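Summary of structural features
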Number of protein chains: 2
Amino acid sequence: MLQDQTFLRAPGPTPIPDRVKHAMNQPMIGHRSPSFARLFADTSERLKPIFGTSQPVYTLTASGTAALEAAVTNTVAKGEKVIVVVAGAFGDRFANVCEHNGYNTHRLEIEWGRSVTSEELKSTLKEHQDAKAVLLTYNETSTGVMHPIQQLSQTVHQYSEALVLVDGVSCIGGVPGNMDQWNLDVLVTGSQKAMMLPPGLSFVALSKRAEAKLEEGNPSFYLNIKAYQKQLENSMTPYTPAVSLIQGLQEVSKMMEEETLEHVFDRHQIMKDMTRAGIKALGLPLLTNEEDASPTVTSVRETEQFKPDELRSLLSKQFGLTLAGGQKELKGKIFRIGHMGYCSPADVLTTLSMIEIGLQQLGVDIELGAGVKAAQEVYVKHV
Amino acid sequence: MLQDQTFLRAPGPTPIPDRVKHAMNQPMIGHRSPSFARLFADTSERLKPIFGTSQPVYTLTASGTAALEAAVTNTVAKGEKVIVVVAGAFGDRFANVCEHNGYNTHRLEIEWGRSVTSEELKSTLKEHQDAKAVLLTYNETSTGVMHPIQQLSQTVHQYSEALVLVDGVSCIGGVPGNMDQWNLDVLVTGSQKAMMLPPGLSFVALSKRAEAKLEEGNPSFYLNIKAYQKQLENSMTPYTPAVSLIQGLQEVSKMMEEETLEHVFDRHQIMKDMTRAGIKALGLPLLTNEEDASPTVTSVRETEQFKPDELRSLLSKQFGLTLAGGQKELKGKIFRIGHMGYCSPADVLTTLSMIEIGLQQLGVDIELGAGVKAAQEVYVKHV
């Protein structure tokens, strides 16, 4: 292993581009200064196309879980019924947030590794017509499943008055937000996934419909969106924001604009296809079907020939490669490859080539280079 | 003004040392990795002497206000009575946090610019014997008043069973924490003041007495200390932490250990004395008495000859110097000089010399160099 060399391929945090590090090394500025107001006005504006909204996007100094809590506690009155689609650890997290806050929480449990269907959601909506919100996970990080948010949102709006609250933490920035077009009422993301920043910021946008519900919420003091709303008018935050991360956010936004969002989203699709083709060529089982597959993270199942956690440990020691393991019921049963944010097709090839070596060292019957070749073929066809 | 040169002398955020920037530029690491666990075990341990406690110190990815909210909501049952000493904008913030969370909040209002006395606190305690907690601001950033926390804590414990919850945001790291010795039940600080880091982290420590009250609290999901407690056993955090800031925290802690905490605290005392001597020598009125004066921030009143906000604006344009203005009832009436964290006696001299020029340019009748000279004399006597 080359000293100091690391390959961070967890599904968040993700590597930080040098340009962004430089931006975060700028002199610190006061958060009540005109310089900060200019910076924050700019970053708040640049987040809008990433979310696919003309509504304001609020920046919280907190990780994604806080933004999930903000989403529901600001827009749904305490004690009301909410439906949470739980198809993995982060659906479970969203449900835990609701239960903790005293909501009448109905969990629509989906087997881990597939997406919820509109039919399933429809029948739950009919059973729980008093639900005030439906909480969805856009991309379930723990399984690598991307839910069909556009259809699900349509289904909710067709059969109920409930708000659609979407956890987009592990994909926004790598896939379209389309918040306005898809009628999402709250969309949330974090800084440390497809947004190419260190963890520490999260972002929340509300539809006009969700804004109209703000009076009904019981948020904590720190997560009260009305306070953020009021301060955003002055391009400020109500409490001291993570200034250096916001300096980085400006640079990240510029990078995404230079690449163009269309290319960013394409790149994530290509990386997904390359990763899946490579894994399949090695004869390893993928956790998810093609149509459910996430553009930001791919889960690979164990076989009788290897234990995912042994592979991860071996590759970490040998190359400094970080892959993620399984969470909760998938603990020890899968490994996950993150391919989001500051990650390229070249990085996918590198990752696959290391995985092949690790597998062979563990005695798995694979042909060295076969996964890389399949991924290369996908790449060559795409470009 | 030299391009890119700035002098950030607000009472937070404060400048970031180069070593700390370098530390924050290290490769990103996964927050569930052994590398992160080693890092976090180390920083959590190194925070203890800064807090003056053998109890665990919890790291929140959020700004100081969230930590204030965590302090009270985790340890006091909803609806119970709390006493909040309000002697400035941050006492007011602490009271707002309590009111928002449904506490029966008694404000002990103190005129802005002086500290509360033990006598005043004693009579309030006698009137409100059912108070479950007394909320104190160690250093009131908005006025530059340091409250006599040791005596106040003693008074609370002498006359009541109430917990002592202390907002140490704008001083911990620059003055002794002494949490165990002074029987403070909760002590809170932020990263961006005397801790020499960018904003984005806050820290909370609980006494054993406060820990025993955790079952009574109603914290939000994100600020539930029990979740942090459980994860700290594995040197982890329950939700994705601001990894880069924690990388910086390790370096900051090393710097403070190398300087020694004793010298760090001395340095802040000297900077306070230099600043006050300089301002007095210029004939400007200080907001606070000597015995109330904060080692981290000094407030200077307006005179008939100048408007503080004009001085601030002039110095910002001319030198890139950031001074803070007044908040709320002191808006426009004072300016505040931050001298905490990565700030030296040399920086105080620079600041005073720029202030002198600004004052003369505004037509104030001062002698150039007189403030600097008085500060130099303090310095020379001290070292």
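Calculation criteria
Residues numbered from 1 in each chain as written. Chains lettered and ligands numbered in written order. Predicted model: local features only at pLDDT ≥ 70, side-chain atom pairs only at ≥ 80, totals over all residues. Heavy atoms only, no water. UniProt positions renumbered as here; feature names shortened; annotations may be inferred. Domains from an automatic or database assignment. Contact = heavy atoms within 4.5 Å. Buried area = accessible area lost by both parts, 1.4 Å probe. Salt bridge = Lys/Arg side-chain N within 4 Å of Asp/Glu carboxyl O. Helix = DSSP H or I, 4+ residues; strand = E, 2+ residues; numbered from the N terminus. Nonpolar A, V, L, I, M, F, W, Y, C, P; charged D, E, K, R; others polar. Pairing = 2+ DSSP bridges. Axes fitted to C-alpha atoms, helices over the stretch in contact; angles between N-to-C directions.

An unreviewed UniProt entry lists chain A under the name Tritium exchange subunit, from Pontibacillus chungwhensis BH030062. If you open the UniProt record of chain A and go to Cofactor (unreviewed entry), you find "pyridoxal 5'-phosphate". Of the comments in the UniProt record for chain A, the one headed Sequence similarities (unreviewed entry) reads "Belongs to the class-V pyridoxal-phosphate-dependent aminotransferase family."

Another aspect to go through is the domain arrangement of chain A. All names here are of chain A. Segmenting chain A into domains produces domain 1 (19–258) and domain 2 (260–381). Of note, the centres of domain 1 and domain 2, computed from C-alpha atoms alone, are 28 Å apart. Taken residue by residue, the interface counts 29 residues in domain 1 and 23 residues in domain 2. Interface area, domain 1 with domain 2, both sides summed: about 2,100 Å², of which 61% is carbon and sulfur. Summed over the three residues of domain 1 that lose the most area to domain 2, namely Trp-112, Gly-144 and Met-256, the buried surface amounts to 23% of that side. Lys-328 is the salt-bridge partner of Asp-92, the closest N and O atoms lying 2.7 Å from each other. Contributing elements (two or more residues each) for the side of domain 1 that touches domain 2: helix H2 (34–51), helix H4 (89–100), strand S7 (145–146) and helix H9 (243–259). Its residues assigned to classes, the side of domain 1 that touches domain 2 comprises 14 nonpolar, ten polar and five charged.

Residues and elements named next belong to chain B. Read across the sheet, seven strands follow the order S2-S10-S9-S8-S5-S3-S4 without closing on themselves; strand pairing throughout is mixed. Taken across any chain shown, the strands that pair with only one partner, and hence form the sheet edges, are strand S2 (57–60) and strand S4 (104–109). Neighbour to neighbour, the strand axes of the sheet diverge by 20° on average, direction disregarded. With three bridges connecting them, strand S3 (residues 81–86) and strand S5 (residues 133–137) associate as parallel partners. Its bridge partner lying in S5, Ile-83 is registered against Val-134. Where helix H3 (residues 64–75) meets the sheet, its contacts fall on S2, S3, S5, strand S8 (163–167), strand S9 (186–190) and strand S10 (202–206), and the angle it forms with S9 comes to roughly 165°.

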